[in-house]
Amino acid sequence: MTSPPSPEPQSVTRGSAAPLLLESTSQLPPAAGGDALKSGGARRPRTPRIPDRIRRGGLPYLLLLPALVLELLIHILPMVIGIVMSFRGLTQFFIRDWNRAPWTGLHNFRIAVDFNAPIGEALLHSFYVTCAFTVLAVGLSWLIGTGVAILLQEDFRGRGLLRTVFLIPYALPAYTAIITWAFMFQRDNGLVNHVLHDQLGITDKPSFWLIGDNSFYALVIVAVWKSWPFAFLMVMAALQNIPRELYEAAAIDGAGMWQQIRKITLPSLRSVNQVLVLVLFLWTFNDFNTPYVLFGKSAPEAADLVSIHIYQSSFDTWNFGSGSAMSVLLLLFLLLVTAVYLIFTSRGRKSADV
Amino acid sequence: MSSTSTAPHSPAAQRPATVHRSPTAPPRSFIWTRRVLLTLVLIFTLVPVYVMISSSLKPLGDVAGKFSWIPTGFTVRPYIDIWSTIPLARYFMNSLIVAGAASVCSVVVAIFAAYAVSRYRFRGKRVFTVAVLSTQMVPGILFLLPLFLIFVNIGNSTGLSLYGSRGGLILTYLTFSLPFSIWMLIGYFDSIPKDLDEAAMTDGCGPLGALFRIIVPAAVPGIIAVTLYAFMTAWGEVLFASVMTNDTTRTLAVGLQGYSTQNDVYWNQIMAASLVVSVPVVAGFLLLQRYLVAGLTAGAVK
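Residues numbered from 1 in each chain as written. Chains lettered and ligands numbered in written order. Predicted model: local features only at pLDDT ≥ 70, side-chain atom pairs only at ≥ 80, totals over all residues. Heavy atoms only, no water.

Looking at this structure, I do not really get the overall build of chain A. What am I missing?
When its secondary structure is counted, chain A shows 15 helices and zero strands. Among the 354 residues that make up chain A, the fraction classed as buried is 53%. When contacts within chain A are restricted to residue pairs at least 6 apart in sequence, long-range pairs at least 24 apart make up 66% of them. Here chain A has roughly 16,000 Å² of accessible surface; of this, 65% comes from carbon and sulfur atoms. (Helix = DSSP H or I, 4+ residues; strand = E, 2+ residues; numbered from the N terminus. Buried < 20%, exposed > 50% of the residue type's maximum accessible area, 1.4 Å probe, protein only. Contact = heavy atoms within 4.5 Å. Areas by Shrake-Rupley, 256 points an atom, 1.4 Å probe, with all protein chains shown as cover.)

So this is what it looks like as structure tokens:
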């Protein structure tokens with residue numbers, strides 16, 4: 001009745017980590033409870049595909065057309081134009097007809113990466129800030145999200161309620177949540193100083209949180225508060241796919257709680273983590289809402305994220321050319337990191353999920 | 001034995017003191033660790049929510065002074081004043097139109113695309129899914145500037161006002177949620193047995209008939225989840241809303257800043273307005289979250 005103790009639980013999850021587009025359910029043994037969860041658990045018979053369905057007609061393309069046109073119009077075309085713009089001296093004089101902006105070659109890029117000059121130096125600084133911010137925020141969000149999902153895996157009284165409450169930060173519109181944090185971080189009438197200074201006496205005088213060095217920590221805290229529930233949601237969904245039998249088998253074999261988590265839960269999360277960490281990284285690195293609502297158009301130096309830095313240098317000085325050049329550099333960096341990440345995480349695996 | 005533990009745990013099985021414990025029942029130390037950790041996270045999660053609610057019921061003098069956990073004065077005045085301090089109703093309407101239209105359009109487009117990917121084999125399928133997903137990676141700031149210029153230029157040459165209009169914002173937002181919607185719906189459609197729509201097609205339904213009569217009804221939970229996601233994305237967006245709107249089309253994301261004037265910041269009104277703006281979305285989300293989790297289980301998390 002119980003399956004033999006499986007020292008290699010990955011084999012099950014590997015099966016379910018097959019690429020989205022292939023028939024992944026047929027690879028799972030019928031005993032694996034995982035696919036029973038997938039809407040009704042109806043099992044596809046293993047008949048070969050009906051050739052009728054593999055039409056060579058244009059219908060699939062027609063169906064994709066709206067999505068393609070929209071993505072091209074709003075993402076791809078602007079991106080190409082953005083790259084072209086980065087080679088031009090596009091200032092406020094050319095907004096009405098940007099085709100007339102003079103071609104300046106690599107000038108914008110040279111200024112952006114001239115780290116001895118003010119513009120390059122500021123960009124480099126905001127890049128460092130963004131990296132530190134991203135590492136901290138993603139790390140903490142992942143840690144809390146995964147931890148809480150594991151803690152809520154077993155059923156107990158109040159579990160459903162907690163699950164719902166923990167999703168509130170994710171459900172709240174970003175700006176209302178961030179405005180509330182901005183209020184809490186106020187120096188004179190905020191909750192943070194009230195607790196730290198008046199109630200606990202940790203700080204000897206009320207500190208500034210939205211200007212100066214502390215602003216970095218304020219930024220991290222708000223970002224973590226906002227994004228950990230997403231990690232929680234993803235991990236929770238993934239945990240529901242782990243068959244209970246694995247835990248029972250392990251428990252009968254004498255594996256303790258911790259061992260079960262280490263040997264069953266964490267390995268099963270590998271494929272979801274791969275996507276989750278990447279998505280969190282990209283969202284956090286490009287985060288604009290948090291600093292913009294928390295600090296306004298110009299962030300304090302300690303919390304000057306790249307996205308807001310570019311926004312400010314583009315729209316305040318109307319120098320779109322150099323703003324575009326910085327954006328292109330940002331994109332190149334993200335591409336590089338993503339590529340390296342995907343190569344590393346898919347090493348030893350036949351296919352990446354993304 | 002496995003049947004007892006796959007069934008929902010009875011209260012007795014949980015109590016650590018019982019002699020016959022389920023083999024997977026957690027040890028006592030774990031239960032205590034769990035209580036402590038979950039309480040800490042719960043406090044972290046709920047404090048801002050508490051602050052939002054309690055401060056929205058304080059008179060201005062209270063929120064301007066030292067913070068207090070228990071409100072000393074209590075008033076619903078902020079909830080009345082929010083509508084007159086700034087044109088909140090108009091911003092609300094703008095947000096509703098923009099987010100509503102963007103989410104509905106996005107879901108319709110995503111249904112077609114996901115149907116094609118899930119049910120047909122064609123050249124470039126893999127390229128399409130990867131390409132659409134990778135647009136998620138592009139920093140918003142990179143295409144904000146060109147899009148702004150495109151909209152301005154289209155407006156100048158054709159008189160079609162995309163910049164500053166709701167239409168432009170709808171168009172923009174609907175592409176934001178599109179990749180994730182397509183991705184999730186592919187997973188959802190994949191989990192619907194192909195025999196069903198094939199049978200419908202043999203019975204004389206066209207491909208679109210099969211889509212709308214069989215697949216869409218069977219995937220309603222997934223479609224709800226995706227619509228919700230698209231709505232939330234549009235409702236909470238700040239960057240494009242701050243550049244692409246003007247006085248009449250301003251959405252809540254930008255409009256709420258109006259409560260800070262040169263002299264005063266009406267924190268009680270800001271909190272009241274935040275609450276009013278959040279409640280519909282949060283309630284909708286919490287009511288429908290089970291679909292989202294189910295959708296993630298079926299689609300994204302594989």
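There is more to say, and it comes next.
Explain the overall build of chain B here, please?
Secondary structure summary: chain B contains 15 helices and zero strands in total. A total of 302 residues make up chain B; the buried ones form 57% of that total. Relative to all contacts within chain B whose residues are 6 or more apart in sequence, the contacts with residues 24 or more apart total 73%. As displayed, chain B has an accessible area near 12,200 Å², and 67% of this comes from carbon and sulfur atoms.

I would appreciate a short explanation of the packing of helix H9 (residues 214–239) of chain A against helix H3 (residues 28–55) of chain B in the present structure.
Between two packed helices, what matters for the description is the angle formed by their axes and the separation of those axes. The N-to-C vectors of H9(A) and H3(B) enclose an angle of 105°; their axes lie 11 Å apart at closest approach. In terms of their interaxial angle, H9(A) and H3(B) are classed as roughly perpendicular. Taking contact as the criterion, the partners of Ile221(A), Val224(A), Trp225(A) and Trp228(A) in H9(A) are, on H3(B), Val41(B), Phe44(B), Thr45(B) and Pro48(B). Partitioned by chemical class, the residues of the contact of H9(A) with H3(B) number seven nonpolar, one polar and no charged. (Axes fitted to C-alpha atoms, helices over the stretch in contact; angles between N-to-C directions. Parallel < 35°, antiparallel > 145°, perpendicular 65-115°, else oblique. Nonpolar A, V, L, I, M, F, W, Y, C, P; charged D, E, K, R; others polar.)

Explain the interface of chain A and chain B here, please?
Often, the extent of an interface is quoted as the loss of accessible area upon association of its parts. Residue-level contacts link 126 residues of chain A with 112 residues of chain B. Across the chain A to chain B interface the summed buried area is about 11,400 Å²; carbon plus sulfur atoms make up 73%. Put simply, chain A and chain B have one salt bridge between them. With its nearest N and O atoms 3.6 Å apart, the salt bridge here joins Asp198(A) to Lys66(B). The tally of links between chain A and chain B comes to 11 residue pairs in polar contact (both at pLDDT 80 or more). Ranked by residue count, the leading element in the side of chain A that touches chain B is helix H2 (residues 59–85) of chain A, at 20 residues. Considered class by class, the residues forming the side of chain A that touches chain B number 84 nonpolar, 24 polar and 18 charged. (Buried area = accessible area lost by both parts, 1.4 Å probe. Salt bridge = Lys/Arg side-chain N within 4 Å of Asp/Glu carboxyl O. Polar contact = N/O pair within 3.5 Å; in protein donor to acceptor, adjacent residues only side chain to side chain.)

What exactly am I supposed to notice about empty space enclosed by the protein here?
Overall, the coordinates contain 10 cavities of 30 Å³ or more when judged by the stated rule. In this model, the largest cavity occupies a volume close to 1,100 Å³. For the largest cavity, the lining is made up of 37 residues, of which Lys226(A), Trp283(A), Asp287(A), Asn289(A) and Thr233(B) are closest to its centre. Residue assignment for the lining of the largest cavity shows that the elements contributing at least two residues are helix H6 (168–171), H9 and helix H12 (270–285) of chain A together with helix H8 (140–158), helix H9 (166–190), helix H12 (220–236) and helix H13 (239–244) of chain B. Its residues assigned to classes, the lining of the largest cavity shows 22 nonpolar, 12 polar and three charged. (1 Å grid on protein atoms, 1.4 Å probe; cavity = no way out; pocket = protein on both sides within 12 Å on 5 of 7 lines; lining within 4 Å. Points joined across faces, edges and corners; volume = space filled by probe spheres on them.)

Please explain the pattern of salt bridges as it appears in this structure.
Where charged atoms from two side chains of opposite charge approach closely, those side chains can pair. All names here are of chain A. Enumeration over the complete set of coordinates arrives at seven salt bridges over all chains. Note that Glu154 and Arg244 form a salt bridge whose closest N and O atoms lie 3.8 Å from each other. Taken as a pair, Glu154 in the loop between helix H4 (118–151) and helix H5 (159–166) and Arg244 in helix H10 (residues 244–252) lie far apart in primary sequence, 90 residues in all. Overall, the relative accessible area of 12% leaves Glu154 in the buried class. Between Arg159 and Asp155 there is a salt bridge, with the nearest N and O atoms lying 3.5 Å from each other. Residue class for Arg159 comes out partly exposed when judged on its relative accessible area of 22%. Taking the relative accessible area as the measure of exposure, Asp155 reaches 31% and is therefore partly exposed.

Before we go on, may I ask you to explain the side chain of His75(A) in this structure?
If you trace the backbone, His75(A) turns up in helix H2. A relative accessible area of 5% means that His75(A) is categorised as buried. With residues up to four places along the chain from it excluded, the contact list for His75(A) reads Leu70(A), Thr135(B), Phe143(B), Thr175(B) and Phe176(B).

Where do I start with the side chain of Ser227(A) in this structure?
Residue and element names in this part refer to chain A. Within the fold, Ser227 resides in helix H9. Judged by its relative accessible area of 16%, Ser227 falls in the buried class. Not counting residues within four places of it along the chain, the set of residues in contact with Ser227 comprises Ser141 and Leu280.

So what exactly am I meant to see when it comes to the environment of Asp62(B) here?
Residue and element names in this part refer to chain B. Within the secondary structure, Asp62 sits in helix H4 (residues 60–64). Here Asp62 falls in the partly exposed class, since its relative accessible area comes to 21%. Each C-alpha atom of the pair Asp62 and Arg35 lies 35 Å from the other, and the pair is 27 residues apart in sequence.

Is there a simple way to explain the confidence of the model for chain A in this structure?
It should be kept in mind that the predicted coordinates are not to be read in detail where pLDDT is low. Scored by pLDDT, chain A comes out at a mean of 78, with 80% of its residues at no less than 70. The secondary-structure element of chain A with the lowest mean pLDDT is helix H1 (residues 10–16) of chain A, recorded at 36, while H4(A) shows the highest, at 93. (pLDDT = per-residue confidence, 0-100.)

Mind showing me how you'd approach the environment of Trp283(A) here?
Residue and element names in this part refer to chain A. Inspection of the secondary structure puts Trp283 in helix H12. Its relative accessible area of 34% is what places Trp283 among the partly exposed residues. It is 9.3 Å that separates the C-alpha atoms of Trp283 and Ser227, two residues lying 56 residues apart in sequence.

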